[in-house]
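Tertiary structure, described
For reference, the chains in residue letters:
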Amino acid sequence: MERILVIGGARALGAAVARRAKKDGYDVVVGARDLAAAEALASEIGATAVRIDLQDESTIAAAADRLKDGVDHIVTTGSAPHDVRATELDRDKLVAAFTAKVVGPMLVAKHFAPVLRPTGSMVLFSGVVGWRPGPGSLVKGVTNGALEYAARHLAADLAPVRVNAVSPGVVDSGSWDRLGDKKAALLDKSAAGTLVGRHGETDDVVDTVMWLLRAGFVSGETIHIEGGARHKTA
Ligand SMILES: NC(=O)c1ccc[n+]([C@@H]2O[C@H](COP(=O)([O-])OP(=O)(O)OC[C@H]3O[C@@H](n4cnc5c(N)ncnc54)[C@H](OP(=O)(O)O)[C@@H]3O)[C@@H](O)[C@H]2O)c1
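As the structure is a prediction and not an experimental result, all values here were calculated from the model. (Residues numbered from 1 in each chain as written. Predicted model: local features only at pLDDT ≥ 70, side-chain atom pairs only at ≥ 80, totals over all residues. Heavy atoms only, no water.)

Further remarks concern the nonpolar core. One finds Ile 4, Val 28, Val 30, Val 75 and Val 209 to be the most contacted residues of the largest nonpolar core, which totals 32 residues. Elements supplying a minimum of two residues to this core: β1 (3-7), α1 (12-23), β2 (27-32), α2 (35-45), β5 (116-125) and α7 (202-214). (Core = buried A, V, L, I, M, F, W, Y, C linked by side-chain atoms within 4.5 Å. Buried < 20%, exposed > 50% of the residue type's maximum accessible area, 1.4 Å probe, protein only. Helix = DSSP H or I, 4+ residues; strand = E, 2+ residues; numbered from the N terminus.)

Below is the structure:
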């Protein structure tokens, strides 16, 4: 049975990947900075839990040591948004955003490289904002763009382990529930910005992640799951 570690696995898209992976027969490890949340999901689906905070390298090293008997796949969804314009940048939040998206996954590669089986893979999470600049999307856009390059370069560095990224458009993952009654407007606006006329669903992303785990001839790529949003000109 292949083992998969899902970092950011206690909620939203990470939890959906963990649930599907368990259903598909993987040995699932739910990684999250909130260990209680990871343990709650793990006990519900029959997985194990480990504490990983992408802002804290020691937790990544400790998790790699705990899983040193081998990991086949790592999926990491970490994100720490700082959605402001350039004049409002807060240096600590800027660094935290880069750490969750880019530095953290690179340190995951550092500590898990000796643990990852050669037929395995990593799947990192980018996002459409990397390709759609706009006011207030500076940090999200640049970190997502950097993440695409991280996937390419990590793929060369960790080979033959495959490293890829997925880049979702706006997905009703549970994360937007925090907007309350403004969520529907966001989803409608994002649907209008696609070629297919709808927002993304969790399964759109999970299906792609599960395909990438098995796509043995795909490495260093970013797979866009955004209904053609980058190609819509008007
Ligand atoms: N949903 C969308 O519309 C959309 C669109 C484009 C791209 N994306 C990308 O898809 C990924 C997943 O998004 P989502 O919709 O599932 O919601 P999300 O709220 O963006 O999920 C972020 C995940 O990262 C985890 N995380 C944040 N900081 C962390 C840290 N220091 N250490 C470990 N984990 C950390 C969070 O865990 P906690 O529970 O501990 O906060 C959460 O599980 C993100 O990278 C996001 O940017 C999503």
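Anyway, onward from the coordinates.
Looking now at the pattern of salt bridges. All chains considered together, the criterion is met by 16 salt bridges. Between Asp 72 and Arg 117 there is a salt bridge, with its nearest N and O atoms 2.7 Å apart. Placement of Asp 72 in strand β4 (residues 71-76) and of Arg 117 in strand β5 is noted, with a sequence separation of 45 residues between them. Put simply, Asp 83 and Lys 140 hold a salt bridge, and the shortest N to O gap is 3.3 Å. (Salt bridge = Lys/Arg side-chain N within 4 Å of Asp/Glu carboxyl O.)

This part is about the packing of helix α4 (residues 91-112) against helix α5 (residues 138-158). Two numbers describe how α4 lies on α5: the axes approach to 10 Å, and their chain directions differ by 10°. With respect to α5, the element α4 is oriented roughly parallel. In this structure, α4 uses Leu 94, Ala 97, Phe 98, Lys 101, Val 102, Met 106 and Ala 109 to contact α5, whose residues at the interface are Val 139, Val 142, Thr 143, Asn 144, Ala 146, Leu 147, Ala 150, Leu 154 and Leu 158. Residue composition of the contact of α4 with α5, by class: 13 nonpolar, two polar and one charged. (Axes fitted to C-alpha atoms, helices over the stretch in contact; angles between N-to-C directions. Parallel < 35°, antiparallel > 145°, perpendicular 65-115°, else oblique. Contact = heavy atoms within 4.5 Å. Nonpolar A, V, L, I, M, F, W, Y, C, P; charged D, E, K, R; others polar.)

This brings us to the pairing of β5. Residues in a regular strand point their side chains to alternate faces of the sheet. Burial of β5 is extensive: seven of the 10 residues sit out of reach of the surface. With α4 bridging β4 and the parallel β5, this β-α-β connection has right-handed handedness. (Right-handed = clockwise from strand over helix to strand, strands pointing away.)

Before going further, it helps to spend a moment on the site of the ligand. Around the ligand sit 23 residues in total, of which Arg 11, Arg 33, Thr 77, Val 171 and Ser 173 are the nearest. Residue Gly 8 places a main-chain N or O atom 3.0 Å away from an oxygen atom belonging to the ligand. With respect to the ligand, the backbone of Ser 79 contributes an N or O atom lying 3.4 Å from an oxygen atom. Computed on the free molecule, the ligand has an accessible area of 860 Å², of which 90% lies beneath the protein chains in the complex. A breakdown of the residues in the shell around the ligand according to their chemical character gives nine nonpolar, 10 polar and four charged. (Near = heavy atom within 4 Å. Polar contact = N/O pair within 3.5 Å; in protein donor to acceptor, adjacent residues only side chain to side chain. Areas by Shrake-Rupley, 256 points an atom, 1.4 Å probe, with all protein chains shown as cover.)

Backbone geometry follows two general trends: most residues other than glycine have a negative phi, and most peptide bonds adopt the trans configuration. The peptide bond linking Ala 159 to Pro 160 adopts the cis configuration, its omega dihedral lying at 15°. By the element assignment, Pro 160 lies in the loop between α5 and β6 (162-168). Even without a glycine there, the phi angle at Ala 12 is positive, about 50°. Here Ala 12 is to be found in helix α1.

Once that is clear, we can look at empty space enclosed by the protein. Using the criterion set out here, one finds one cavity of 30 Å³ or more in the structure. If you add up the space inside the largest cavity, you get close to 50 Å³. In terms of lining, the largest cavity is formed by Ser 79, Ala 80, Pro 81, His 82, Ala 97, Lys 101, Val 139, Lys 140 and Thr 143. Secondary-structure elements contributing two or more residues to the lining of the largest cavity are α4 and α5. For the lining of the largest cavity, the leading source of residues is α5, giving three residues. In terms of residue class, the lining of the largest cavity is made up of four nonpolar, three polar and two charged. (1 Å grid on protein atoms, 1.4 Å probe; cavity = no way out; pocket = protein on both sides within 12 Å on 5 of 7 lines; lining within 4 Å. Points joined across faces, edges and corners; volume = space filled by probe spheres on them.)

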